[in-house]
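Each chain is listed here by its residues.
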Amino acid sequence: MELTDKVRRVYLPMTETGFYILFCLQKQNHGYGITQKVKEMTDSQVLISPGTMYGTLSKMEKDGLISFVREEEKRKIYQTTDLGREVLEIELKRIERLYRNSREEG
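As the structure is a prediction and not an experimental result, all values here were calculated from the model. (Residues numbered from 1 in each chain as written. Predicted model: local features only at pLDDT ≥ 70, side-chain atom pairs only at ≥ 80, totals over all residues. Heavy atoms only, no water.)

Peer 1: Help me understand unusual backbone geometry in this model?
Peer 2: Most peptide bonds adopt trans geometry, and most residues besides glycine take a negative phi value. Omega for the bond connecting L12 with P13 falls within 30 degrees of zero, at -5 degrees, which places this linkage in the cis form. Tracing the chain through its elements places P13 in the loop between helix 1 (5-11) and helix 2 (16-24). With phi around 50 degrees, E73 is a residue other than glycine that occupies positive phi space. Here E73 is to be found in the loop between strand 1 (66-72) and strand 2 (75-80). Residue classification places E73 among the exposed positions, given a relative accessible area of 76%. Of note in the backbone geometry, K74 takes a positive phi value of approximately 65 degrees without being a glycine. Summarising the element assignment, K74 is placed in the loop between strand 1 and strand 2. What makes K74 exposed here is its relative accessible area of 79%. (Helix = DSSP H or I, 4+ residues; strand = E, 2+ residues; numbered from the N terminus. Buried < 20%, exposed > 50% of the residue type's maximum accessible area, 1.4 Å probe, protein only.)

Shown next, in the form of structure tokens:
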């Protein structure tokens, strides 16, 4: 899949939840594992509900940002696709630019 206008419109800029899900799926993981990882990474400041998690995973899979890898103990394992990595890279650059600009003297 390619970075279409629709993908740009839907995912850029990303929600914090969407960003963390895509970020965590750089390595294979399942919904519950992502929830735990995000909780740990953010000192419990970002908590992703199961409804949000599974809705987002389903949408990202449909849009080609992540792909189903396998099922393990009744949990679906996903990983980012090339398109997902491209979207994540664009978003990381945007966040870095925001941070850099906020630190510059006016």
